[in-house]
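Spelled out, the chains give:
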Amino acid sequence: MSTTAPSPRVVVLAGGLSHERDVSLRSGRRVADALRSVGVDVSVHDVDADLVPALVQLQPDLVWPLLHGTSGEDGSVRDVVQMLGLRLLGSGPRESRIAWSKPIAKTVAARAGLATPDFVTLPQSLFRELGARHVLDAIVRMLGLPVVVKPSRGGSALGVTLVASADDLPQAMVDCFAYSDTALVERAVLGTEVAVSVVDTGDGPFALPAVEIVTEGPYDFDARYNPGRTEYFTPARLSQAMTASVAELALAAHEAFGLEALSRTDVIVDADGTPWFLEVNVAPGMTETSLLPQAAEAAGLSLGTLYRSLVEASLGR
Ligand SMILES: Nc1ncnc2c1ncn2[C@@H]1O[C@H](COP(=O)(O)OP(=O)(O)O)[C@@H](O)[C@H]1O
Ligand SMILES: [Mg+2]
């Protein structure tokens, strides 16, 4: 007589009310389909007023948050899942909160010895109090140009502008404040952009092949989610030594931030061969054009098998 372990019951959380709702719905659907294809019992739930009663009633073995943007990545939904006594796939609420705030994350990364571009953080209120012009002049004196202006918390490049001329800085700040009450202005790094995903299926974290991102113009929301606007090279066209360095950087970030199961670190390698840490994502995109699935497939992993292994590792099986 043979016994098969019953399939774990997984609830994927997708949707939510962030600016990245649609991306999250696509990520959720893709992961759910891949898990179903390998026989995992999975349902997808939105983050709405029905979620808590549904989780209490369903008592799933595991909850996988595929939420991008505020509540999904700032740790709050993860807190609620844990409050309900349920098990979470991925990083914990505290670790997510630290990674979610770009200024805090850059400080953590710098303390761990990773190179991250110089930056300043400016709340909208202070910016107004001090007078925009004086502050912007000081920023340009300190950081030089070009700089990148981005929301201190956010994703999918929403509200992000590369600013080459001081005249364009005020508008970039306004665009950024539409997404966040605090702007992060950092020195722009010109070079090769790569994203390095890290997964841990129970035997310790390992880096997937770096994905190189080449866009005409900015790697913005449109370039990310419309097939054809961006060219990807997996593995990235880096030397063997640089390939090892960016993998090392992503693993160091995963470990320094205390992340679990999966993460993706965004990196730019400059002309001198320094890889710069931009940010680390605890809920990387999982849509058809997203970077982690591309990297996994390039490594010869089937997405269903990989995701099932992540589920099983999170359940301690
Ligand atoms: N310092 C920088 N120098 C050059 N480009 C940058 C810099 N910071 C961000 N970018 C560009 O903006 C994009 C979004 O920035 P990122 O910090 O990854 O935020 P998010 O992906 O959360 O919106 C990056 O993928 C990159 O193309
Ligand atoms: Mg990013």
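About the thresholds
- Residues numbered from 1 in each chain as written.
- Chains lettered and ligands numbered in written order.
- Predicted model: local features only at pLDDT ≥ 70, side-chain atom pairs only at ≥ 80, totals over all residues.
- Helix = DSSP H or I, 4+ residues; strand = E, 2+ residues; numbered from the N terminus.
- Rg over C-alpha atoms; globule rule 2.2 N^0.38 Å.
- Buried ≥ 20, exposed ≤ 12 C-beta atoms within 10 Å, placed from the backbone.
- Contact = placed C-beta atoms within 7 Å.
- Pairing = 2+ DSSP bridges.
- Axes fitted to C-alpha atoms, helices over the stretch in contact; angles between N-to-C directions.
- Core = buried A, V, L, I, M, F, W, Y, C linked by C-beta atoms within 7 Å.
- Domains from an automatic or database assignment.
- Nonpolar A, V, L, I, M, F, W, Y, C, P; charged D, E, K, R; others polar.
- Near = placed C-beta within 6 Å.

**Q** Tell me about the overall build of the protein chain, residues and numbers included.
**A** Along the backbone of the protein chain there are 13 helices and 13 strands. The C-alpha radius of gyration computed for the protein chain amounts to 20 Å, which stays within 12% of the reference 20 Å derived for 317 residues, consistent with globular compactness. Going through the 317 residues of the protein chain one by one, you find that 45% of them count as buried. Considering only contacts within the protein chain whose residues lie at least 6 apart along the sequence, 69% involve residues at least 24 apart.

**Q** Give a description of the sheet that holds strand β3 (residues 62-65) that names residues and reports values.
**A** As summarised here, the arrangement of the 3 strands in space is β2-β1-β3, forming an open sheet in which the pairing is parallel. Of all strands in the sheet, those with a lone pairing partner are β2 (41-45) and β3, marking the two edges. Between one strand and the next, the sheet's axes are offset by a mean angle of 25°, whatever the strand orientation. Taken together, the 4 bridges between strand β1 (residues 9-13) and β3 define a ladder with parallel strand orientation. What sits directly across from V12, in β3, is W64.

**Q** Requested: an account of the nonpolar core, with residues and values cited.
**A** Ranked by size, the top nonpolar core spans 69 residues in total, and within it V12, L13, V194, V196, V246 and V267 carry the most contacts. Each of domain 1 (9-90) and domain 2 (98-115 + 189-300) contributes no fewer than three residues to this core. Counting residues in each nonpolar core, the second largest holds 16 residues, with F119, V149, V163 and A172 among its members.

**Q** Lay out the domain arrangement of the protein chain in plain terms, naming residues and giving numbers.
**A** Assigned domains of the protein chain: these are domain 1 (9-90), domain 2 (98-115 + 189-300) and domain 3 (119-187). Taking the mean C-alpha position of each, domain 2 and domain 3 sit 23 Å from one another. Each side of the interface is counted separately: domain 2 has 11 residues, and domain 3 has 11 residues. Those elements that provide at least two residues to the side of domain 2 that touches domain 3 are α6 (102-111) and α10 (221-225). Residue contributions to the side of domain 2 that touches domain 3 peak at 3 residues, all from α6. The residue inventory of the side of domain 2 that touches domain 3, partitioned by class, reads 6 nonpolar, 1 polar and 4 charged.

**Q** Account for the pairing of strand β10 (residues 211-215), with residues named and values stated.
**A** The pairing of strand β8 (residues 191-199) with β10 spans 3 bridges and is classified as antiparallel. Across the sheet, residue E193 finds its bridge partner in β10, namely I213.

**Q** Explain the site of ligand 1 to me, using residue names and the numbers behind them.
**A** Residues in contact with ligand 1 amount to 18 residues; listed here are only the nearest, V148, G155, A157, A188 and Y219. In terms of residue class, the shell around ligand 1 is made up of 10 nonpolar, 3 polar and 5 charged. Residues lining the shell around ligand 1 come from more than one domain, with at least three contributed by each of domain 2 (98-115 + 189-300) and domain 3 (119-187).

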